[in-house]
Number of protein chains: 2
Amino acid sequence: MSDTDKPGEISASRPRPRTNPRRTPEAAQSGAAGRRRLSMVDVAAHAGVSIGTVSNVLNRPELVAEPTLLRVREAIKTLGFVPSAPARQLRAGTSRSVGIVVRDIGNPFFTEVLPGIEARLSQEQLLLVVCSSGDSLEKEAHHLQTLEQHRVAGILITPAGDDVGHLVELHRRGIGIVLLDRLGAGSQLCTAAVDNVRGGELAGRHLLSLGHRRIGFLNGPSIVRQCSDRRQGLFRAIRDAGLDPEDVVTEVSLPALTAQGGETGLDELLARTRPTALFCVNDMVALGALRGLERRGIAVPDEMAVMGYDDVEFAALLSPSLTSVRQPKHQLGQAAAELLLTDSRGDANHWHQEIVFQPELVVRASTSALPRSRDH
Amino acid sequence: MSDTDKPGEISASRPRPRTNPRRTPEAAQSGAAGRRRLSMVDVAAHAGVSIGTVSNVLNRPELVAEPTLLRVREAIKTLGFVPSAPARQLRAGTSRSVGIVVRDIGNPFFTEVLPGIEARLSQEQLLLVVCSSGDSLEKEAHHLQTLEQHRVAGILITPAGDDVGHLVELHRRGIGIVLLDRLGAGSQLCTAAVDNVRGGELAGRHLLSLGHRRIGFLNGPSIVRQCSDRRQGLFRAIRDAGLDPEDVVTEVSLPALTAQGGETGLDELLARTRPTALFCVNDMVALGALRGLERRGIAVPDEMAVMGYDDVEFAALLSPSLTSVRQPKHQLGQAAAELLLTDSRGDANHWHQEIVFQPELVVRASTSALPRSRDH
DNA sequence: TCCCGGGGTTGAAATGTTTCAATATTTTGT
DNA sequence: ACAAAATATTGAAACATTTCAACCCCGGGA
């Protein structure tokens with residue numbers, strides 16, 4: 001310990017005697033006044049070793065002799081010492097945590113992706129900090145700023161907006177970044193995603209094959225990439241069938257991709273037109289739409305076919321069971337985590353990878369062929 | 001880097017050669033070697049002030065003269081300086097983040113409670129770290145340890161196990177703790193919860209009033225407090241009706257409170273007996289049970305009434321719509337956050353509060369009166 | 001002229017780790 | 001028995017911030 005410091009002597013020897021230790025080592029030891037958290041020096045004192053050795057016990061036990069090891073571990077246990085992550089991190093420069101910024105934590109899609117991510121990250125002893133942006137650019141920016149301040153090793157993000165410039169900038173400053181479920185920045189950032197254009201196309205083909213020619217589309221704001229991608233796929237399917245998307249689709253842009261948003265979006269749609277089929281940009285929106293349709297007494301699928309997107313866990317058991325586009329969520333999560341790990345290892349010049357999974361159509365009871373009577 | 005160190009010279013000239021600046025200010029300025037993150041010294045150099053002043057600009061701008069303030073802010077902006085949370089935290093001893101440990105992030109109940117919590121905490125500029133224990137005591141312990149290492153200001157937790165001793169201990173070490181949705185430790189810790197006994201009772205009364213006398217109960221492990229509380233309420237309702245719970249209830253204890261768990265639990269139940277009603281300890285379990293019943297071709301509610309618990313968002317739209325017990329989730333979240341804020345302010349001797357909300361029965365299509373033909 | 005007060009700024013200590021060169025101790029080889 | 005090598009431990013610097021006593025400068029009052 002520094003109890004060899006005789007203050008008088010020191011202040012005599014130095015020009016500016018600023019040394020005023022708030023509490024003497026003895027005070028710290030006796031723990032009388034008490035509430036200081038213990039640190040490695042306490043452990044070291046208790047075990048009769050230096051703090052360097054304590055550090056070695058914690059991080060490189062193979063360097064420490066058996067008896068010392070036991071003694072120090074004993075001290076740690078009896079004292080109840082818990083190392084300080086901030087201090088560790090300050091010294092190391094790098095932290096053992098990564099952040100994930102999702103658009104809406106209330107959407108089961110994300111919570112179903114999460115386990116895949118967590119599984120991989122906890123193997124590496126990484127702490128996952130979950131933030132939800134609620135599709136607000138300000139909130140997203142705030143979360144990113146906080147995460148950067150915390151010097152997280154990396155960030156998984158489904159950006160709320162269209163522009164990824166700020167993320168590229170963040171990456172340039174040394175933080176690993178992986179875009180989750182958001183294609184289209186392949187050359188600049190790593191990405192793990194499901195092909196949303198393809199998914200939209202699957203949905204479109206399905207509805208067309210059932211004979212539908214007037215399709216309502218409850219979509220999100222077009223700056224959300226998933227939304228514009230799915231629309232693009234839908235339109236492609238329609239064009240491939242020799243039709244004009246403008247004639248077939250009535251699109252409503254929802255402010256929020258929630259059940260509530262879906263329900264009010266339905267009202268707006270029905271005030272404009274009465275399609276025979278409804279494509280909802282995700283299952284939560286479809287949930288709200290179904291609720292609205294039930295309220296209005298419009299039968300599904302007889303009077304209106306409805307399909308969702310994501311195939312979340314409850315989709316199969318809705319009334320009626322919901323046709324949807326399934327995404328390999330667990331794999332997506334795992335792949336994203338894997339990418340983040342390599343990206344934040346900071347091999348500055350590794351290639352940005354774009355991992356793309358393929359979606360899959362799942363047909364259930366909520367979509368059926370258009371009855372001839374209502375064919376046009 | 002430390003090439004300015006001529007060890008021989010220094011160790012010769014000074015008794016204690018502590019000063020070896022790794023990089024000269026010029027080196028920092030030129031940024032040639034590059035990849036060091038910038039710190040307040042860079043800002044200070046750029047603005048021509050001391051780091052103390054930079055700190056003041058950041059934390060107590062009212063102490064700084066106008067022109068200096070502007071100059072420093074300018075420097076911060078042009079340099080793109082981002083303060084280091086770990087360093088700040090190390091010095092301050094306290095952090096701006098709190099943790100929440102939930103049992104299962106995949107359960108919409110939790111994600112529906114979350115917004116209430118976040119709303120309150122982000123007002124205080126606090127970062128919320130979400131962890132999921134998956135009902136594993138080891139995982140929970142690991143999360144708690146990590147959070148303690150990070151010196152979070154407080155922890156919201158729905159404990160996986162029955163014992164809260166370790167949490168009390170944690171609290172004693174100065175971390176704010178609030179139990180979420182887990183009554184019964186009122187004297188030791190703050191709690192925000194919904195009365196689960198009452199909820200179980202509501203469910204029991206409802207099923208009994210419909211004439212059911214053989215009730216299957218898909219419950220979780222009894223060490224999970226919510227589960228034992230709901231059972232207790234169910235049993236109370238049965239006794240109040242002058243019946244013996246042993247005769248009425250067949251209980252299956254699920255390892256996991258998920259849809260998958262519910263589905264396999266149903267198999268186990270039906271292998272033992274064939275009740276007329278099913279009480280599922282939460283809506284996810286009910287989801288799985290419904291899936292299993294559909295697979296077996298057992299009609300709900302005609303051949304078997306089913307009810308869940310939590311009234312999550314999708315419950316109203318399942319096929320058939322699910323009778324459930326509603327909990328005021330948003331309020332619960334807000335109250336919990338509020339408690340945590342007062343608890344972690346560390347007024348050591350404040351009373352531990354227990355805030356209890358009342359649940360509410362929501363009757364839907366999945367439960368109906370027992371047909372006389374099947375009365376026993 | 002001197003002293004006082006006060007706003008602005010500075011310098012250095014302190015926070016709890018990790019790292020690593022230097023030293024102390026033990027073992028091995030000859 | 002001695003040098004060399006291997007092993008174990010130590011001491012102090014460094015990480016980026018906050019805090020606070022000390023200092024400087026300037027104007028005003030006695």
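None of these values were measured; they are calculated from a predicted model. (Residues numbered from 1 in each chain as written. Chains lettered and ligands numbered in written order. Predicted model: local features only at pLDDT ≥ 70, side-chain atom pairs only at ≥ 80, totals over all residues. Heavy atoms only, no water.)

Our next topic: the UniProt feature "domain: HTH lacI-type" (unreviewed entry) in chain A. Those places that UniProt annotates as "domain: HTH lacI-type" (unreviewed entry) correspond, in this numbering, to residues 38-92 of chain A. Summarising residues 38-92 of chain A: 71% helix, 0% strand, and an end-to-end C-alpha distance of 20 Å. (UniProt positions renumbered as here; feature names shortened; annotations may be inferred. Helix = DSSP H or I, 4+ residues; strand = E, 2+ residues; numbered from the N terminus.)

Moving on to the protein's contact with DNA strand C. The full set close to DNA strand C counts 27 residues, and A:Met40, A:Ser55, A:Arg91, B:Thr53 and B:Thr68 are the nearest of them. Sugar and phosphate atoms form 71% of the subset of DNA strand C atoms that lie within 4 Å of the protein. Measuring from a phosphate oxygen of DNA strand C, one finds a side-chain N or O atom of A:Arg60 at 3.3 Å. Those elements giving two or more residues to the surface near DNA strand C turn out to be helix H4 (51-59) and helix H6 (85-92) of chain A together with helix H6 (85-92) of chain B. Residue composition of the surface near DNA strand C, grouped by class: 12 nonpolar, 9 polar and 6 charged. (Near = heavy atom within 4 Å. Polar contact = N/O pair within 3.5 Å; in protein donor to acceptor, adjacent residues only side chain to side chain. Nonpolar A, V, L, I, M, F, W, Y, C, P; charged D, E, K, R; others polar.)

Of all the positions in H6(B), only B:Ala85, B:Pro86 and B:Gln89 are classed as buried. The buried residues of H6(B) occupy an angular sector of 95 degrees when projected down its axis, which confines them to one face. Considering only its buried residues, H6(B) is in contact with H6 and helix H8 (137-149) of chain A. The backbone nitrogen of B:Ala87 lies 3.2 Å from a side-chain oxygen of the residue at the head of H6(B), namely B:Ser84. Just beyond H6(B), the residue with positive phi is B:Gly93, at close to 85 degrees. (Buried < 20%, exposed > 50% of the residue type's maximum accessible area, 1.4 Å probe, protein only. Arc of directions from axis to C-beta. Contact = heavy atoms within 4.5 Å.)

What follows is about the sheet that holds strand E2 (residues 127-132) of chain A. Residue and element names in this part refer to chain A. Spatial ordering of the open sheet is given by E2-E1-E3-E4-E5-E11, a layout of 6 strands whose pairing is parallel. Whereas interior strands pair on both sides, the edge strands pair on one side only; in this sheet they are E2 and strand E11 (354-357). Neighbour-to-neighbour, the strand axes of the sheet open up by a mean angle of 15 degrees, direction not taken into account. Sheet topology note: the strand E4 (residues 176-180)/strand E5 (residues 190-194) ladder contains 3 bridges and is parallel. When the sheet's bridge partners are listed, leucine 179 is paired in E5 with threonine 191. Along the sheet, helix H9 (residues 165-172) makes contact with strand E3 (154-157) and E4, crossing E4 at roughly 150 degrees. (Pairing = 2+ DSSP bridges. Axes fitted to C-alpha atoms, helices over the stretch in contact; angles between N-to-C directions.)

Bringing the packing of helix H8 (residues 137-149) of chain B against helix H9 (residues 165-172) of chain B into the picture now. Residues and elements named next belong to chain B. As a packed pair, H8 and H9 sit with axes 12 Å apart at the nearest point and diverge in direction by 0 degrees. Comparing the axis directions of H8 and H9 gives the class roughly parallel. Residues Glu140, Leu144 and Glu148 of H8 form the contact with H9, whose own contacting residues are His166, Leu167 and Leu170. The residue makeup of the contact of H8 with H9, split by class, is 3 nonpolar, 1 polar and 2 charged. (Parallel < 35°, antiparallel > 145°, perpendicular 65-115°, else oblique.)

Taken together, the contact pairs 45 residues of chain A with 44 residues of chain B. Ranking the residues of chain A by area buried against chain B places A:Arg37, A:Arg151 and A:Leu317 at the top, with a combined share of 16%. Put simply, chain A and chain B have 3 salt bridges between them. With a closest N to O distance of 3.0 Å, B:Glu148 and A:Arg37 form a salt bridge. (Buried area = accessible area lost by both parts, 1.4 Å probe. Salt bridge = Lys/Arg side-chain N within 4 Å of Asp/Glu carboxyl O.)

With that settled, the discussion passes to the nonpolar core. Residues A:Ile117, A:Leu278, B:Ile117 and B:Leu278 are the most contacted members of the largest nonpolar core, which totals 150 residues. Setting aside residues up to four positions removed in sequence, A:Ile117 forms contacts with A:Ile100, A:Leu128, A:Leu156, A:Leu180, A:Gly333, A:Gln334 and A:Ala337. (Core = buried A, V, L, I, M, F, W, Y, C linked by side-chain atoms within 4.5 Å.)

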